[in-house]
Amino acid sequence: MDFIKLLVTSGAITTLLSLFFKKYIDHQLKLKEQVQMTDLKAKADREVAIYKAKLEQESLRFNVKTSGVYQKQADAITEIYNQLCDLEDQMNIAINQGVPWDEKYQQFEYTYAVLHTFWRKNRILLSDTVDTLIRALLNDTFWAVQHYGSGESSLLRGNFDNASDQKDKASELIQSIPKILEQLIIEFRDNIGVTEKNL
């Protein structure tokens, strides 16, 4: 019986020791797992922070580059708008108040040349729509007013039909300018972010 007691006691002690060691090993494994998880989380957080910093740096670099382009585009649109307004005024004066090739006609030629030069140097900043409209206007405007001047000369010689036709052609071109101005307004507002599609 002592043997059985000894056997039961040693079995109980062995079981308790086994349970204790199992709990101890489980506890140690959980501690190591927590340490590993903490290390992995810290490493992942560092990598995410580095990646986020690089991304923000690239974003800032991109914004700095493009903001200069948007500024140039806004400046070009504003300048072309102003020059088109001047051209419209000068065309009206040249064909309604001027005498062919007088100082009013010379002012029209100068305004036309300034607009044409500025447009040619800044076309890259304009949309295809505006660029096409301005190109069509500039291709026809100079000659329409020039031919109107010739028509006025014809009028002085008694050829009324030619003068009237040339004035009508020049007047039609003047009517295209407000459409271009409206398109420039839309693009400018879109560029600076005050249109409904940007809000």
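See the structure shown above.
Owing to the predicted nature of the structure, the values given are computational and were not obtained by experimental measurement.

Calculation rules
- Residues numbered from 1 in each chain as written.
- Predicted model: local features only at pLDDT ≥ 70, side-chain atom pairs only at ≥ 80, totals over all residues.
- Heavy atoms only, no water.
- Helix = DSSP H or I, 4+ residues; strand = E, 2+ residues; numbered from the N terminus.
- Buried < 20%, exposed > 50% of the residue type's maximum accessible area, 1.4 Å probe, protein only.
- Contact = heavy atoms within 4.5 Å.
- Core = buried A, V, L, I, M, F, W, Y, C linked by side-chain atoms within 4.5 Å.
- Salt bridge = Lys/Arg side-chain N within 4 Å of Asp/Glu carboxyl O.
- Phe/Tyr/Trp six-rings, centres within 6.5 Å; stacked < 30°, edge-to-face > 60°.

When you look at the overall build of the protein chain in this model, what are you seeing that I'm missing?
Scanning the protein chain for helices and strands turns up 4 helices and 0 strands. Within the span of the protein chain, comprising 199 residues, buried residues form 27% of the whole. Partitioning the intrachain contacts of the protein chain with sequence separation of at least 6 by distance along the chain shows that 71% fall at a separation of at least 24.

How should the nonpolar core be read in this particular structure?
The biggest cluster of nonpolar side chains holds 27 residues, and the ones touching the most others in it are Leu84, Leu87, Met91, Phe108, Ile134 and Leu184. Mapped onto this core, the elements with two or more residues apiece are helix 1 (2–96), helix 2 (103–122), helix 3 (128–156) and helix 4 (160–192). Once residues within four sequence positions are removed from consideration, Ile134 is found in contact with Ile80, Leu84, Trp119, Leu126 and Ile180.

Quick question: what am I supposed to make of the pattern of salt bridges here?
Oppositely charged side chains may form a pair once their charged atoms are brought near each other. A complete count under the given rule lists 4 salt bridges for this structure. With a shortest N-O distance of 3.2 Å, Arg135 and Asp131 are connected by a salt bridge. Remark: Asp131 and Arg135 occur in helix 3; sequence separation between them is 4 residues, near one turn of the helix. Each of the salt bridges in this network shares a partner with another, and the network as a whole consists of Arg123, Asp131 and Arg135.

What is the right way to look at the packing of aromatic side chains in this model?
One pair of aromatic rings is described through two measures. These are the centre distance and the angle between the planes. Summed over all chains, the structure comprises 3 aromatic pairs. Pairing Phe108 with Tyr112 gives two aromatic rings, centres 6.2 Å apart and planes at 40°, and the pair type is tilted. With Phe108 and Tyr112 both in helix 2 and 4 residues apart, the pair spans about one turn of that helix. Of the two residues examined, Phe108 and Tyr112, each falls in the buried class. Members of the aromatic cluster, each reached through a chain of ring pairs, are Tyr105, Phe108 and Tyr112.

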